[in-house]
Every structure is written in structure tokens, then in C-alpha cells.
Amino acid sequence: MQKALMLIFLIQKSKEDPIVFRWVFLFLAAVLIIGTVLLAINRLFYFFEMAYVEYVKKRLFFNHLYVVKKDLSKEDKSILRQKIKFYNNLSIKHQSYFEHRVNQTISRIEFIGKQIEVTNEMKVIISATLVKLTFGFRDYQISSVERVLIYPEAFYSETNKTYHKGEFNLGYRALVLSWKDVLHGYQIEDDNLNLAVHEFIHAIHFYYMSVRRRSTSSAIFLDSFYELTNDLDSNSKLKERLVASEYLRDYAYTNQFEFLAVIIETFIETPQEFKSQFPEIYKKVKGMLNFNFAGY
């Protein structure tokens, strides 16, 4: 408002003083030119990066670029060190990027306690889950999740009139989670069950589908997934071996949305076993997340 009033003042002043008018005109022209150039550069960058991703290699030109990096408190960093193995395996530089993204995610998302008080631990662990899953991408602020509702344990869902441990509500742009089961997912890290990972993948999937035309991160994620499903459909022996192995729990075969959530949940929990049993599928999932981190 103050800037608008100042601009009006300058324009009115310029009518009285030709010199002032000339400077105001030059200033506005410079702003317009700079804005146009920056917009053109941004569009050219996007065009070439998208072409590279689609026709050359599924890799971003860059992933991390922050004008000002936000830090976390010592308490929040301690929570990351205690609970998030992925964070501990990162380099010091990448840990600082991870912390920045956790900070931004906590600031952006509304955390709502249902029959439970929201704590810093809840915010950090839940935010770190989303950051971990999108750490290979530049487009990490998943707008399909604006709020997270946290229950102490399994809750009654009005959606299908039954008890759930977690659900993603696209219409409400909300994740609903049982805190007991979120913690269980991090206490036992090799059972291929992580509630927060599973539900966040649903949110990421829907978000990336909505921005496919303008997000190279989305293009990598979705195109790799489509390639994986096509590979499995065309290679019946591999598909049969995957099903027969029972490495993925039966719920994965409910539909493609659940298949995606379960296969990434499994990849996150037991990457080395996944790589050993199904190296072709593992490589495709790793590419889907654009992962190139220790442990994967």
C-alpha cells in the first residue's frame, strides 16, 4: 500500500516537474525491461530443462539454490539426528539444505492436534518425511498438503465409516495421521511399513499430476512411474516373480495409487534388499525419486 501511494506521489510530482517525470519514466521502463528479461530467462531455462528431462536424461540442471537458507533450532536438529537416518547419512552441506526445507515445510503447513497436543517432535518428523521423499527434486513444496491433522492413534474416518491409521484428503488438502503409527514407522525401520511415507506419497502423486506441464520434478517422477508400470505389464515373468515373492504386501496390488505408495515405502525402508531382489525395479524407483544419496 505504501509503495502504491509513493508511486502515485511520484507520478503526480512528475507532472509538475519534467525532470522528475523523465526519471520516473526511466525507472518504470527499467523495471519493466528487467522483469521481462527475467521472465524470458525463466521460460527458456524451463523449456531447455524440460526438453533435457524428457529426451536426454531424467536429471534436473540443479536441485538446491537458496538465496537465504533457514536454520533449525538445536532441539529440532537433535530430533532429526535421533529419528531420521536419511538426514544422518547426508553430507554437512546437504544436511543444511535438508534443515532449510524442514524449516520451510513447518512454516507452510498447519499442524492440528485432534485429541492430542502438537509438539515440535511431531512437526519435525512429519515435515522431515516429506522433505526426505522430495529431496531429489527442486519442486518440494507440495501444495496438495496445506494442513496435517494428528490423532493419538487410529481414528474414525467419515470418508468410509471405518477406523484408519492415516489418509490423504485431496479436497481438504490435508493429511490425517495416527501419531502412534507415525512413530512406529521410525522405530522399526526395516518392516516396509511407514505410515507417513505412504500417505505423503499419495499427496505427492496427486500434486505432481496437477503440475506435470510446468514442473520438471513432476516429469521425472511421473514418467519414471509410467515406465515402471509399462515395464511390468510387458514383462510378465518379472511381474509374476514380484507378486510371488511377497516382498510387496498385498495392499500394493489394490490399484496403481497404492502400488506407487507401497513400492516407494518399501524402497525407503529396505533399499539394499530391494536392490538385491529386484535390481531393475529398484533402479527405476531410484530414478523416480531422483535419489543419489548414501544408503540408496
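Residues numbered from 1 in each chain as written. Predicted model: local features only at pLDDT ≥ 70, side-chain atom pairs only at ≥ 80, totals over all residues. Heavy atoms only, no water.

Below, the discussion takes up the sheet that holds strand β5 (residues 166–169). With mixed pairing, the four strands of this open sheet are ordered in space as β1-β2-β6-β5. Among the strands making up the open sheet, the edge pair consists of β1 (110–113) and β5. Here the strands of the sheet are splayed against their neighbours by 15 degrees on average, with no regard to which way each runs. Across four bridges, β5 lies against strand β6 (residues 174–178) in antiparallel orientation. Among the inter-strand pairings, Glu 167 is bridged to a residue of β6, identified as Val 176. (Pairing = 2+ DSSP bridges. Helix = DSSP H or I, 4+ residues; strand = E, 2+ residues; numbered from the N terminus. Axes fitted to C-alpha atoms, helices over the stretch in contact; angles between N-to-C directions.)

Attention shifts here to a nonpolar patch on the surface. On the surface, Leu 44, Phe 47, Phe 48, Phe 61, Phe 62 and Leu 65 cluster together into a nonpolar patch covering about 640 Å² of accessible area. Looking at the element boundaries, Phe 47 is found in helix α2 (residues 18–55). The class of Phe 47 is exposed, set by a relative accessible area of 52%. (Patch = residues over 30% accessible without salt bridge, like charges linked within 9 Å, V, L, I, M, F, W, Y side chains within 5 Å. Areas by Shrake-Rupley, 256 points an atom, 1.4 Å probe, with all protein chains shown as cover. Salt bridge = Lys/Arg side-chain N within 4 Å of Asp/Glu carboxyl O. Buried < 20%, exposed > 50% of the residue type's maximum accessible area, 1.4 Å probe, protein only.)

Take the layout of surface pockets next. In this structure, the largest pocket occupies an estimated 650 Å³ of space. Considering the residues around the largest pocket, the lining is formed by 26 residues, among which Gly 166, Leu 195, His 198, Glu 199 and Tyr 251 are closest to the centre. Listed by contribution, the elements that provide at least two residues to the lining of the largest pocket are β4 (162–164), β5, α7 (179–187), α8 (195–210) and α11 (256–269). In terms of residues, the lining of the largest pocket owes the most to one element, α8, which gives five residues. By residue class, the composition of the lining of the largest pocket is eight nonpolar, ten polar and eight charged. (1 Å grid on protein atoms, 1.4 Å probe; cavity = no way out; pocket = protein on both sides within 12 Å on 5 of 7 lines; lining within 4 Å. Points joined across faces, edges and corners; volume = space filled by probe spheres on them. Nonpolar A, V, L, I, M, F, W, Y, C, P; charged D, E, K, R; others polar.)

Relative to the assigned elements, Val 197 resides in helix α8. It is 9.1 Å that separates the C-alpha atoms of Val 197 and Lys 132, two residues lying 65 residues apart in sequence. Not counting the four nearest positions on each side in its chain, Val 197 is found in contact with Thr 129, Lys 132, Leu 133, Glu 265 and Ile 268. (Contact = heavy atoms within 4.5 Å.)

Here the focus is the packing of helix α9 (residues 216–234) against α11. What describes two packed helices is the angle between their axes and the distance between those same axes. As a packed pair, α9 and α11 sit with axes 12 Å apart at the nearest point and diverge in direction by 100 degrees. When the interaxial angle is binned, α9 and α11 end up roughly perpendicular. Taken together, the residues of α11 that come into contact with α9 (itself represented by Phe 221, Phe 225, Leu 228, Thr 229 and Leu 232) are Gln 256, Phe 259, Leu 260, Ile 263 and Ile 264. Of the residues contributing to the contact of α9 with α11, the split by class is eight nonpolar, two polar and no charged. (Parallel < 35°, antiparallel > 145°, perpendicular 65-115°, else oblique.)

Bringing the packing of α9 against helix α13 (residues 279–288) into the picture now. The contact between α9 and α13 brings their axes to 8 Å, and the two run at 160 degrees. Classified by the angle their axes make, α9 and α13 are roughly antiparallel. For the pair α9 and α13, the sense of crossing is left-handed. Packed against α9, whose contacting residues are Ile 220, Phe 221, Ser 224, Phe 225, Glu 227, Leu 228, Asp 231 and Leu 232, the element α13 presents Ile 281, Lys 284, Val 285, Gly 287 and Met 288 at the interface. (Left-handed = near helix turned anticlockwise from the far one by under 90°.)

Quick look at the side chain of Asn 194 now. Tracing the sequence through the fold places Asn 194 in the loop between α7 and α8. A polar contact of 3.0 Å, which involves the side chain of Asn 194, links it to the backbone nitrogen of Val 197. Once residues within four sequence positions are removed from consideration, Asn 194 is found in contact with Gly 185, Tyr 186, Glu 265 and Glu 269. (Polar contact = N/O pair within 3.5 Å; in protein donor to acceptor, adjacent residues only side chain to side chain.)

Evaluation of the coordinates by the stated rule reveals 30 aromatic pairs. Consider the rings of Phe 86 and Phe 135, whose centres lie 6.0 Å apart with planes at 85 degrees: the pair is edge-to-face. In this pair, Phe 86 sits in helix α4 (residues 85–88) while Phe 135 sits in the loop between α6 (120–133) and β2 (147–151), placing the two residues 49 residues apart along the sequence. Neither Phe 86 nor Phe 135 differs from the other in exposure class; each is buried. Judged by centre distance (5.4 Å) and plane angle (45 degrees), the ring pair of Phe 135 and Phe 293 falls under tilted. With a gap of 158 residues between them, Phe 135 in the loop between α6 and β2 and Phe 293 in the segment after α13 connect regions that are remote in the sequence. Just as Phe 135 is buried, Phe 293 falls in that class too. Lying across the ring of Tyr 172, Arg 147 places its NZ or CZ 4.5 Å from the centre. (Phe/Tyr/Trp six-rings, centres within 6.5 Å; stacked < 30°, edge-to-face > 60°. Lys NZ or Arg CZ within 6 Å of the ring centre and 35° of its normal.)

Moving on, we get to the pattern of salt bridges. Across all of its chains, the model carries 16 salt bridges by this definition. One salt bridge connects Glu 110 with Arg 147, and the closest N-O pair in it is separated by 3.8 Å. Taken as a pair, Glu 110 in strand β1 and Arg 147 in strand β2 lie far apart in primary sequence, 37 residues in all. What makes Glu 110 partly exposed here is its relative accessible area of 43%. Here Lys 161 makes a salt bridge to Glu 158, at a shortest N to O gap of 2.6 Å. Side by side, Lys 161 and Glu 158 carry an identical accessibility label, which is exposed.

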